[in-house]
Amino acid sequence: MKNLTSKQLVGVGLFLFAVFVAVPVLIRITGRWDFYFTLTSVALLAIASAGVWLTFYIGRINIGQGAFALIGAYVSAILVVKGGVSFWISLPAAGLFAALVAILIGLPILRLRGVYFAMITLVLTQVVTLTALALPITNGAKGISSIPLPSGISIFGVPIIPDFAAMENTKLAFYYAACILMILTYAALYRLVNSRLGHLCRSMQQNEELASSIGVNISYIRIVIFAISSFFGGIGGAMFGSIAQSVYPSSFQVADSVNFMLNCFLGGLGYVFGPMLGTLVLYFGWDLLFELGKYQLLVYSLILIAVIRFLPNGLLSLRLGKGGPK
Amino acid sequence: MQRRTLLKTAVIVTALQATMALAENPVLKIGFVGVTSGPAAAWGISNQRSMEARAAWINETGGYTIGETTYDIEIVSFDDQKDPKRAIAGMEKMAQEGIHYVVGPNVDDGAAAVRPVAEANGIMYFPYAFPKSLYQAPASNAVLGMVANYQSGPAIYKYLMENEGVKTVAFIAANESDPLSQRDGGVAAAKELGLEVVSDNVTYQVDTTDFTPVLTPVMRSRPDLLVLSGVSPANAPQLIRSARELGFEGLISTETAQDAGVLAEGAGDLANGFISVGGASTPELASPMMNEFVDRYKKMFGEYNDESNTKVYALEYILETLKAEPSAIKDVDVFQASMDTFEAPNPYMNGDAKLRYVGMSSFGQRRQVAVPLVVNVYQDGVFETLFVAEVD
Amino acid sequence: MEQILANGVYLGSQYAMIALGLTLIFALMNVLNFAHGQMYVIGGFVTYTFYGQLGVPFVLALIISCLTLAVLGALIEKFLFAPVIKGSAREESTMLLAAGIAFLLDALILLIFGEKQRGVPKIVNGVFNYDFRLIMPYDRIVICVLAILSIIAFICLMQYSKTGRALRALAQDRTAAQLMGVNVDRYSMIGFALGAMLAGLVGGLLVTITGVNLGMGGPTSIKAFMMVMIGGAGVISGAIWGGIILGFMEAIGLAVLSQYGDITYLLIFVSLMIFLAIRPQGLMGKPWG
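Because the structure is a prediction, the values reported are computed rather than measured.

> Just to check I follow, could you spell out the overall build of chain B for this structure?
Broken down by element type, chain B carries 14 helices and 16 strands. Taken against the 2.2 N^0.38 rule, which gives 21 Å for 392 residues, the C-alpha radius of gyration of chain B at 21 Å falls within 12% of a compact globule. Its C-alpha atoms give chain B principal-axis dimensions of roughly 65 × 50 × 40 Å. Going through the 392 residues of chain B one by one, you find that 59% of them count as buried. Long-range pairs, those at least 24 residues apart, make up 65% of the contacts in chain B between residues at least 6 apart in sequence.

In structure tokens:
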């Protein structure tokens, strides 16, 4: 992180303070305990959205993240319930499995571009949902329910992660866990974008043929990026399954895939932290409009349309003048 | 965004003040978490409207007295968009509002997903989902709000075997969790009764609009009875119409509640003879109170939905149980303890029917509302009662 | 066998019509219109209201559906899509707008037309039954013929009218068309209105068979996307072929694979993915859309 300016450091510091101190304190003062779940959801969905954003970064419209989130959720649930594995081991396993699937599927489909790639990933979401319905290991239509809460982990008797089941307030624990994961994800994303690989991605986004002609191994980069993207999706999905303590084929479906993509658009495709902001606004916004009753969807969609009408490059384009962490 | 948030808060505050000014009684909030938008909207909306119509009625007539206090009833609704993630958020919202009694969710995955939240926050919830694990111990806080397909299915098949001489049966289900689970339950029940299941693996996508190609292979097996497992109100008329147009002459039945108006519009006379599970609004069964409920519902929302015959019950059960055990208002343990013995007259049914909790034989504990298992047959735009049974 | 073919033709013709409107809008403005299915639903509800409720003759109700959607489409293009396309750095941003419009239309449909499944009286009664080998209700045959006629009319419009030529020029090369004196803004609006109108027309036609409910919008859009991909994005003939192929795939798939039950659609989707992976531009699309 050598290239962080002091201004950015202050920003990061403020952000960490807000997430880990200010929000819990505010929730305690206002007593709005329900916001913990909403914000936890935002953090987890933002992780998956980060993956979608990354595929945008190589110029691909990805409407398939729901598929990888569902794969992640199932892998973790199966490992925990049927294999008796600790959740904290199943979590990276879920991400890695999603990445593996992404590599296998990515080999043929990453040759596609534009709306064709968008469509094939959309179909992929349906394929995974239908597969989950048909397979015996996923328990088919009945889903996997009554998943135990994450157990504790200790190394040499020193507790690293406490046992969630023994905890008074699992909401707070899940909130912290989700936020830590989100911050790790975005730190990794930021690092990646500002690395040599990120530079190559940008050149691919501009023009794949040109990038290829100057010696960039584009098919290798595409696969790597898609695998990382799906890894994020798998992690987000696995964590969600653990909060809901149940996974169904409908836990992540086409609507989720579309929402992940919309999060990126809304935040702004040109900004690393765009998907995080987009997720916050889209998901939290729906929650805030809850009081409007049957007009909720109407007002929500009108606001959405107004935002894109007047800020077509995303919310973060408001500060376009400063350049932003591109 | 700042100004918008401010504005929104202002709107909400004014709205709150308005309700407070009107209400003289303390308010008892009852929650609803279910799907009121998208393809399955009909399920949740009929639910929500039943509750709102009943609450408005109670408030208009002076409120509902529990113990010493008379309450106005307020329904707090949350649209979960049939997404289990949203359903959790909805249940959290209910906990936030200090609500201990919630109706919904409408589907299996949502009902399973909200279980941890409900149990952690002391919320009793009344889902319209059938998985037994929701109601069997160690699960404690869910109460099935209707008759499950594994209870109504066998009753219907048995009746049809005895009265119509049905020997073979075919099942068709939408390719998603709830209908598939219901189909599997139905197939098992049919086999147990000695019916021959001639086709049980044809499924259709939820978004199918044309069922002719889907039904063509099923029709080839020429069953006496075609069961539409877990069919949504939107798909039922199309399926019936396609089956009849393909020359199917046997019986058609389902274990979910349907709406006569929708059947009349979508399938017309072709739906005659269609067997489904209803509530208590057939002319013979409906009490004056049921009729008034239907009138009030119509006045409030323009038109009635026959599905509400079943859905009117959950709220009534909650309120009646609280009346019997006033301290349960804040303490669901008291509520649970009283479920074994609770009994009150059923105001929606003629005769001496009782409101009580059942489910011993299906779940091993009383975690189901006793609603009459009314099996209807559709005839020329209205439902006629075929037979009435009870669930234990 | 006859039955499968007939089912295929019937499904194919209605699918092709749905895909046509979507592909037209895509060809003209590179907009993947997520709200296409909702427009189709509105078309169905308008016909339901006028024909089913108010007793207006069916053809007139159809025309009202078309006009409603054409006006709606024109307004959406002029006040939403056109400015957003001009102002956005990456043209995919219109997807967010389209999704927002889809949400908005969903909300409006729920508030205006309610949540129930709706249907209208049959336009023709009776069933054509050839020895139980080929069964087709007469109203389906009528709708199928009407759909095919509309497709032919649309092709003629695109081929021989001035508007059609301008639209085709626009689809081929926006800049060149502009240089040749085509009023790009005006024809974009006309094209969008025409695409929306097609959605309204097919919605109005199909309400007589399948009825209509507010949940049909999203899935219809997705199905339309698939057809457009099979045929090739932004190509009129591609959309027609895509529709017909998907129609036949469903008809044949459901008949042949019925014993596999739950995985019929899984196989259809997987074969679609394999097809696209082998032929990324669809049957007759421009490579890379």
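There's more to say after this.
> Explain the overall build of chain C to me, please; I cannot follow it from the model alone.
The helix and strand tally for chain C stands at 11 helices and two strands. When the helices and strands of chain C are placed in sequence order, the string is α-α-α-α-β-β-α-α-α-α-α-α-α. For 289 residues, the compact-globule estimate of 2.2 N^0.38 gives 19 Å, and the C-alpha radius of gyration of chain C, at 19 Å, lies within 12% of that figure. Referenced to the eigenvectors of the C-alpha coordinate spread, the extents of chain C come out at roughly 60 × 50 × 35 Å. Across the 289 residues that make up chain C, the buried fraction comes to 60%. Relative to all contacts within chain C whose residues are 6 or more apart in sequence, the contacts with residues 24 or more apart total 75%.

> Could you clarify how one ought to interpret the interface of chain C and chain A in this entry?
One widely used convention gives an interface's size as the accessible area the parts lose upon coming together. Tallying the contact residues gives 40 residues for chain C and 38 residues for chain A. When residues of the side of chain C that touches chain A are traced back to their parent elements, those giving at least two are helix H3 (58-87), helix H4 (94-113), helix H9 (217-231) and helix H11 (264-278) of chain C. Considering each element in turn, the side of chain C that touches chain A owes the most residues, 11 residues, to H4(C). The residue makeup of the side of chain C that touches chain A, split by class, is 30 nonpolar, six polar and four charged.

> Quick question: what am I supposed to make of the interface of chain B and chain C here?
Each partner contributes to the interface: chain B provides 31 residues, whereas chain C provides 31 residues. Going through the elements one at a time, helix H2 (41-60), strand E7 (196-204), helix H7 (212-220), helix H8 (235-245) and helix H9 (260-267) of chain B are the ones with two or more residues in the side of chain B that touches chain C. Counting residues per element, the side of chain B that touches chain C draws most heavily on H7(B), at five residues. Partitioning the side of chain B that touches chain C into residue classes produces 14 nonpolar, 12 polar and five charged.

> For this particular structure, what's the right way to read the environment of A:Lys171?
Residues and elements named next belong to chain A. Within the element layout of this structure, Lys171 appears in helix H6 (residues 170-193). Through-space distance from the C-alpha of Lys171 to that of Ile243 is 8.9 Å; in sequence the pair is 72 residues apart. Not counting residues within four places of it along the chain, the set of residues in contact with Lys171 comprises Trp33, Tyr36 and Phe37.

> Honestly, the domain arrangement of chain B in this entry has me stumped. Any pointers?
Residue and element names in this part refer to chain B. The assigned domain composition of chain B is domain 1 (27-146 + 282-355) and domain 2 (149-279 + 377-389). For domain 1 and domain 2, the distance between their C-alpha centroids amounts to 28 Å. A class-by-class count of the residues in the side of domain 1 that touches domain 2 yields seven nonpolar, four polar and five charged.

Calculation rules
- Residues numbered from 1 in each chain as written.
- Chains lettered and ligands numbered in written order.
- Predicted model: local features only at pLDDT ≥ 70, side-chain atom pairs only at ≥ 80, totals over all residues.
- Helix = DSSP H or I, 4+ residues; strand = E, 2+ residues; numbered from the N terminus.
- Rg over C-alpha atoms; globule rule 2.2 N^0.38 Å.
- Buried ≥ 20, exposed ≤ 12 C-beta atoms within 10 Å, placed from the backbone.
- Contact = placed C-beta atoms within 7 Å.
- Nonpolar A, V, L, I, M, F, W, Y, C, P; charged D, E, K, R; others polar.
- Domains from an automatic or database assignment.

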